Amino acid sequence: MNILDHLTAARSGRLPVLLCLLLCLAATRPAFAQTGALAPIQQQFDAYRKQALQEKLYLHLDRPFYACGETMWFKAYTLDGTLHQPLDLSKVAYVEVLDDTRKPVLQAKIALKDGAGNGSFVLPTTLASGNYTVRAYTSWMKNFDPEFYFQEPVTIVNSFTGLGPAPEQAPTAYAIQFFPEGGNLVQGIPGKVAFQAVNKKSGKGADFTGRIVDGEGMEVAQLRPLKFGIGNFTFTPTAGTTYTAIIEFADKRVLRQQLPQVYAQGYSLRLRELDPNQLQIMVSGPQTGTVYLLGHARQMVGVAESAALQQSTATFTVDTRKLPEGINHFTVFDSQRQPVCERLYFKRPTQKLLVEATTDKKQYATRQQVTASLLTQASPGTAIPANLSVAVYKLDSLQAASPTDIYTYLWLTSDLKGTIEQPSYYFTASGPVADEALDNLMLTHGWSRFRWEDVLQAQQPAYPFAPEYDGHFIRGKVTDAATGVNVRNVTAYLSAPGKHVRLYSSASDANGLVQFEMKDFYGPKEIVVQSDFQKDSSYTFEILSPFSDRYAARALPPFGLDAHLRTALTQRHIGLQVGYSYPISRNVFRVPAIDSTAFYGKTDAAYLLDDYTRFKVMEEVMREYVPGVQVRRRKGRFHFNVLDATHSSLFYTDPLVLLDGVPVFDIDKIMAFDPRKVRKLEVLTRKYFLGPNMYTGLVSYTTYQGDLAGFQLDPRALLLEYEGLQLQREFYAPTYGTQEQHQSRLPDLRNLLYWSPDVRTGTDGKKTLSFYTSDEAGRYILVVQGLTKDGRAGSTTVSLEINHTL
């Protein structure tokens, strides 16, 4: 199913979101007409992007370094990948912490509303010291390459176990890759080749000097990186010749590596800027024929043209003012409309959220109030409201300012594979060197949010993971207990016993899969999954993990903590120990507002059994107090006949019977249950529909604690603990507003002074925050990140000093 199928299949209440998505997609259609042989490509591309809505997710982490026992705080922003506007599609974000083997060590499901949500992890003291990856994604994003999940490295140190001796320094190793412009080296055609050299130990770019030699050892080009180990050179290759790069790094290590193959014939592409408003794209290929150029950014088409090859060359002139901002992807198609060359080009964005942050002072004493003023503007002098997140933490030898921010992530790193070193450089630097460095980045980092094979295929792609528009999906599988074969068309029921009566049903598909949409499903709960075992007695159930089992091919640098950092870590450990030594509650959770109404709504009759004479036998209760339900015995077994109030008659099949929301299909078992454990009994005297199934009435029993009160479930039912959406933990920070508080003898060694994931500026763009400093002197950084409704992203930082005395 595609995005439209998933939403169309949903209940009618989702129509506004579906309509909004369609309008957004229509608004980004190319303004030019579809002509000639290029029209089918444009039509297929347009159809694909409507089916494959791109969703982006950005996570603002409170800081880049943690000690075990501390809390990691984060805020999630979900956006439409085309317009970068907040997207209220997915209602759940999946956040994980992965170790260096890509094994999840922490996982959480975070509730999203209006394209934002927040959560936290308390880092257990069982974690090993090392570098970890925090990644985040939605259910819909699981249909696409995991390279485009949000991913950010963090360092976690376990000061409780000790670091042991300093790790031995592994020998430095290097790697280099070559990327011909357009994709291929073709004989006799001058071609640009980009390269990227990486120090495999640090993961950062490596400086070097080098040369390219042919098979006879003759030098044909020299090369040296321009920035971050990335650069380019140009030469004219000869067919049948093998070219080798000889690289010498700063430590005198030498690396020899062959260049990509040279083809005797084929297509090549060269891009150059004629002036600030014009690009020239030259395509070389066979002697004659027609080639087609399609350029798009984030699925918005900016150019679609055709040209005839004349003397094996076709030239396109592109008006950059018509291109969308950000990464533009140029693809050249041959006369058979098959992609033959590709090239990325970056158009610097002009739309940005301007964020200003100022503090009332530059220096503060310990336990002193800090007042920070925020201002958000669309342009200088034009205020705009924004949704922000704010963190204030200490800068020291253990943690520096985070290299990630929402603006560079959305415009650059979210659309490129691999790790980008210092992405902010490409937005803050200017001049010819910065422009060339940016173009080198485009040459060396591939685009792969989709494959042209998927776009051009006749069959629509299938997307197994639906967007979680109205709540978390619990997915499971039904199999035959004897054979293990997946079983279709079995109605499965999922319930979570509790004071809020919830029941969900799903019929298994051809692969035996069932899916339950869990609305307002927060915190750890015990769930029961079963079918009507009186009909389906030979089936077993399995609940599948909602977390992605696919991982990006990104390696973390090896972990090592230099000896001079151990003193700072000891101080961090003392602060952590002190914080846990005093009776301050750090596990205060915000209870979400949820609908407490039972899933079946208002009943036709309800009985609070404490208002009546209590009987010891359920049969007496039903016969004496519940006239809407007649108890019958047939063939030695109990049955309920519910009054059909609509037709003034009786239903002659059993109704849906529930105990704390759990279906009970064997009436004998509910009749054997002690009625003194039941607080309330409710009856629906009309037909009730649950999914595709119709029931002749409903009888619901609720115990005092909503915990089944010892009722024995069918042993074939699946009973397990399941973690629902994470409850929001309150951020704790002491206040020192009174003299007594200021003179408190409780030590305050916090290095994270402030965290707020939901800061909103008003129509005047202004917001004032306040917090108190701790007893920890040093330099601190205030980080603000955020987004506006129209898709403007921005961030800023401001530093402040805390001294023991002023």
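The model shown is predicted, which means the values in this text are computed figures rather than measured ones.

Quick question: what am I supposed to make of the overall build of the protein here?
The helix and strand tally for the protein stands at eleven helices and 50 strands. Here the C-alpha coordinates of the protein stretch approximately 100 × 75 × 55 Å along the principal axes. Residues counted as buried form 53% of the 806 residues belonging to the protein. Within the protein, contacts between residues at least 6 apart in sequence are counted, and of these 70% link residues at least 24 apart. For the protein, the computed accessible surface area is about 36,100 Å², with 49% contributed by carbon and sulfur atoms. Side chains of the protein give 82 positive and 79 negative charges; the mean places of these two sets differ by 2 Å.

Just to check I follow, could you spell out the nonpolar core for this structure?
Side chains of nonpolar character tend, in soluble globular proteins, to be buried together. Within the largest apolar cluster, 50 residues are counted, with the highest numbers of intra-cluster contacts made by Ile-527, Met-622, Phe-640, Ile-670, Met-671 and Tyr-701. The element contributing the most residues to this core is helix 9 (residues 618–625), with four residues. Core analysis: the next-biggest nonpolar cluster, separate from the first, contains 42 residues, Tyr-66, Val-92, Ala-93 and Val-154 among them.

Explain the packing of aromatic side chains to me, please; I cannot follow it from the model alone.
Using the criterion set out here, one finds 35 aromatic pairs in the structure. Relative to Phe-541, the ring of Phe-533 lies with its centre 6.3 Å away and its plane at 75 degrees, an arrangement referred to as edge-to-face. By relative accessible area, which is 7% here, Phe-533 ends up buried. Residue class for Phe-541 comes out buried when judged on its relative accessible area of 11%. When the centroid spacing of 5.7 Å and the interplanar angle of 75 degrees are considered together, the rings of Phe-673 and Phe-711 count as edge-to-face. Placement of the pair is Phe-673 in the loop between helix 10 (667–671) and strand 43 (678–690) and Phe-711 in the loop between strand 44 (693–703) and strand 45 (718–723), with a sequence separation of 38 residues. Each of the two residues, Phe-673 as well as Phe-711, counts as buried. Pairwise contacts between aromatic rings join Tyr-174, Phe-178, Phe-195, Phe-208, Phe-233, Phe-235, Tyr-243 and Phe-249 into one cluster.

Please explain the sheet that holds strand 9 (residues 174–180) as it appears in this structure.
In any sheet, the strands associate via hydrogen bonds between backbone groups, in a parallel or an antiparallel arrangement. Read from one edge to the other, the open sheet built from three strands follows the order 9-11-14, with strand pairing classed as antiparallel. A single partner strand is all that each edge strand has here, and the edge strands are strand 9 and strand 14 (230–235). In this sheet, adjacent strand axes meet at a mean angle of 25 degrees when their direction is disregarded.

I tried to follow the pattern of salt bridges on my own but got confused; where do I start?
Here the idea is simple: oppositely charged side chains can pair when their charged atoms come close. Scanning all chains against the criterion turns up 29 salt bridges. Residues Asp-610 and Arg-614 are paired through a salt bridge, measuring 2.5 Å at the closest nitrogen-oxygen approach. According to the relative accessible area criterion, Asp-610 is partly exposed, its value standing at 49%. Here Arg-760 makes a salt bridge to Asp-758, at a shortest N to O gap of 2.6 Å. Given the relative accessible area of 48%, Arg-760 is considered partly exposed.

Procedures and definitions
- Residues numbered from 1 in each chain as written.
- Predicted model: local features only at pLDDT ≥ 70, side-chain atom pairs only at ≥ 80, totals over all residues.
- Heavy atoms only, no water.
- Helix = DSSP H or I, 4+ residues; strand = E, 2+ residues; numbered from the N terminus.
- Buried < 20%, exposed > 50% of the residue type's maximum accessible area, 1.4 Å probe, protein only.
- Contact = heavy atoms within 4.5 Å.
- Areas by Shrake-Rupley, 256 points an atom, 1.4 Å probe, with all protein chains shown as cover.
- Lys, Arg positive; Asp, Glu negative; His and termini not counted.
- Charge placed at Lys NZ, Arg CZ, Asp CG, Glu CD.
- Core = buried A, V, L, I, M, F, W, Y, C linked by side-chain atoms within 4.5 Å.
- Phe/Tyr/Trp six-rings, centres within 6.5 Å; stacked < 30°, edge-to-face > 60°.
- Pairing = 2+ DSSP bridges.
- Axes fitted to C-alpha atoms, helices over the stretch in contact; angles between N-to-C directions.
- Salt bridge = Lys/Arg side-chain N within 4 Å of Asp/Glu carboxyl O.

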